[in-house]
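Letter by letter, the chains look like this.
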Amino acid sequence: MYIMATELTMQDLSDIFQLFNHKGWLIDEKNKSSLYNRFRRTYEKFDTEERKLLINLSYQYEMVPLSQYQTLLTKVLSNTVKNHLGQKQTIYVYPIKKKVHNDYVKSADVVTYLCNGTNIRYIDELSKKEFVCLGSLERVKEKKPNIIKSKLVIVDDFIGSGNYATDVVNEIITLGIPVEQIVIVTLYITQNALDRVQNLSCGVEYGEVIESCISKLTASEKEILARMEQAIGVDAEFSFGYSHSGALISLIRTPNNTLPVFWKTNGRAYTPPFPR
């Protein structure tokens, strides 16, 4: 069990203020559920060594608001057209979502919808393209003859382990669509996931590779992090982030590949700064 919350010193408050000012995060003391107050409550739960590590990791943390998605997407789509689609005028788009999740709304659906956003029309490489968004695997099957003549672009905002994306590619292949006709497009991807999906023989385009923070930690820091995870009840499956990803990022939601000290809830006892 982690230690009881202890009163913050002036140095503690100074460290948190400096972090928030550096990151441009809003210091909202009024709302109990604000990022600032959540961070303070998280910080209070740990000892001096753990607090220092939490601050250091937070400086590396990246928050990607929805308002940035369109700009990020236009860049990666421009590269997709240039590297994989050439002069093809009709582009078929499908969310990276397994059939079993068809009734769920996922971040991949948001990215799919944005492929028809207004900003797309302001980019020369994209303005004359017709993006046909397909919302289900059944629609992909209906458009199979057209897709085989063109490409199927499958999209998401983040690929963490590559396992889920691989499953989706395999579902599409079972429809008779050659893997070479599939292009995986994502705004962010971990290095481990990139290594995996690049072995699928389909095209891959991404905005940014998210490096694992684990390799940058000393042996002592890894022990401290493991102690923090044990204190808040992190399951072995998610230790150091799902698939040991060691990511430090939040998008529309926080992926489980991110270190769980930033998102793992534990009832009222632990309210993390970036909940899932």
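Residues numbered from 1 in each chain as written. Predicted model: local features only at pLDDT ≥ 70, side-chain atom pairs only at ≥ 80, totals over all residues. Heavy atoms only, no water.

Quick word on the packing of aromatic side chains
Stage number 1. Scanning all chains against the criterion turns up 11 aromatic pairs.
Stage number 2. Taking the centre distance of 6.4 Å and the plane angle of 25° together, the rings of Phe-39 and Tyr-43 count as stacked. Of this pair, Phe-39 and Tyr-43 are both found in helix H2 (residues 35–44), 4 residues apart, which corresponds to roughly one turn of the helix. The two residues Phe-39 and Tyr-43 agree in class, both being buried.
Stage number 3. When the centroid spacing of 4.2 Å and the interplanar angle of 10° are considered together, the rings of Tyr-61 and Phe-274 count as stacked. With Tyr-61 in the loop between helix H3 (48–59) and strand E1 (62–63) and Phe-274 in the segment after strand E7 (249–250), this pair connects stretches of sequence that are 213 residues apart. Residues Tyr-61 and Phe-274 agree in their burial class; the two are buried.
Stage number 4. Among the aromatic residues, ring-to-ring pairing joins Phe-17, Phe-20, Trp-25, Tyr-36, Phe-39, Tyr-43, Tyr-61, Phe-262 and Phe-274 into one connected group. (Phe/Tyr/Trp six-rings, centres within 6.5 Å; stacked < 30°, edge-to-face > 60°. Helix = DSSP H or I, 4+ residues; strand = E, 2+ residues; numbered from the N terminus. Buried < 20%, exposed > 50% of the residue type's maximum accessible area, 1.4 Å probe, protein only.)

Things to note about the sheet that holds strand E5 (residues 182–190)
Stage number 1. Strand order in the open sheet formed by 5 strands is E3-E2-E4-E5-E6, and the pairing between neighbours is parallel. Either end of the sheet is taken by a strand with one partner, and the two such strands are strand E3 (130–133) and strand E6 (203–210). Taking each pair of neighbouring strands and ignoring which way they run, the sheet shows an average axis angle of 20°.
Stage number 2. Two elements, strand E2 (residues 90–95) and E3, share 4 bridges in a ladder whose sense is parallel. Looking across to E3, one finds that Val-93 is bridged to Cys-133.
Stage number 3. Along the sheet, helix H4 (residues 69–85) makes contact with E2, E3, strand E4 (152–159), E5 and E6, crossing E5 at roughly 140°.
Stage number 4. Set on the sheet, helix H9 (residues 163–173) makes contact with E2, E4 and E5; between it and E4 the angle comes to about 165°. (Pairing = 2+ DSSP bridges. Axes fitted to C-alpha atoms, helices over the stretch in contact; angles between N-to-C directions. Contact = heavy atoms within 4.5 Å.)

So, unusual backbone geometry
Stage number 1. You will see that Ser-201, though not glycine, has its phi angle at about 75°, which is positive.
Stage number 2. Structurally, the position occupied by Ser-201 is in the loop between helix H10 (191–197) and E6.
Stage number 3. Located in the positive-phi region is Phe-240, a residue other than glycine, with phi close to 60°.
Stage number 4. Turning to its location among the elements, Phe-240 is positioned in the loop between helix H11 (219–232) and E7.

As for the state of the cysteines
Stage number 1. As enumerated under the stated definition, the model contains 0 disulfides in all.
Stage number 2. Cys-133 forms no disulfide, and the closest cysteine sulfur to it belongs to Cys-115, at a distance of 5.5 Å.
Stage number 3. Exposure remark for Cys-133: the relative accessible area of 27% places this residue in the partly exposed category. (Disulfide = S-S within 2.5 Å.)

Some words on the pattern of salt bridges
Stage number 1. Evaluated as defined, the whole model comprises 8 salt bridges.
Stage number 2. A salt bridge links Glu-142 to Arg-139; its shortest N-O distance comes to 3.3 Å. Taken as a pair, Glu-142 and Arg-139 lie in helix H7 (residues 137–142) at a separation of 3 residues, close to a single helical turn.
Stage number 3. The network of salt bridges with shared partners includes Asp-47, Glu-49, Glu-50 and Arg-227. (Salt bridge = Lys/Arg side-chain N within 4 Å of Asp/Glu carboxyl O.)

Topic: the nonpolar core
Stage number 1. Leu-57, Leu-225, Leu-259 and Phe-262 are the most contacted members of the largest nonpolar core, which has 32 residues in total.
Stage number 2. Going through the elements one at a time, helix H1 (10–23), H2, H3 and H11 are the ones with two or more residues in this core.
Stage number 3. Counting residues in each nonpolar core, the second largest holds 28 residues, with Tyr-94, Leu-134, Ile-159 and Val-169 among its members. (Core = buried A, V, L, I, M, F, W, Y, C linked by side-chain atoms within 4.5 Å.)

Focus on empty space enclosed by the protein
Stage number 1. Using the criterion set out here, one finds 1 cavity of 30 Å³ or more in the structure.
Stage number 2. Together, Leu-77, Thr-80, Val-81, Leu-85, Ile-91, Phe-131 and Val-153 line the largest cavity.
Stage number 3. Here the lining of the largest cavity gets 4 residues from one element, more than from any other, and that element is H4.
Stage number 4. Of the residues belonging to the lining of the largest cavity, the class tally is 6 nonpolar, 1 polar and no charged. (1 Å grid on protein atoms, 1.4 Å probe; cavity = no way out; pocket = protein on both sides within 12 Å on 5 of 7 lines; lining within 4 Å. Points joined across faces, edges and corners; volume = space filled by probe spheres on them. Nonpolar A, V, L, I, M, F, W, Y, C, P; charged D, E, K, R; others polar.)

A closer look at the layout of surface pockets
Stage number 1. Approximately 770 Å³ is the volume attributed to the largest pocket.
Stage number 2. Lys-106, Asp-156, Phe-158, Asn-256 and Arg-276 are the residues nearest the centre of the largest pocket, which is lined by 25 residues in total.
Stage number 3. Going through the elements one at a time, helix H5 (107–114), E4 and H9 are the ones with two or more residues in the lining of the largest pocket.
Stage number 4. Looking at the lining of the largest pocket element by element, the count peaks at 4 residues for E4.
Stage number 5. Within the lining of the largest pocket, the residues separate by chemical class into 12 nonpolar, 8 polar and 5 charged.

Re the side chain of Glu-229
Stage number 1. Note on placement: Glu-229 falls in helix H11.
Stage number 2. Despite its burial, Glu-229 pairs with no opposite charge, the nearest such side chain being Lys-264 at 11 Å.
Stage number 3. In this structure the side chain of Glu-229 is engaged in a polar contact, spanning 2.8 Å, whose partner is the backbone nitrogen of Phe-240. (Lys, Arg positive; Asp, Glu negative; His and termini not counted. Polar contact = N/O pair within 3.5 Å; in protein donor to acceptor, adjacent residues only side chain to side chain.)

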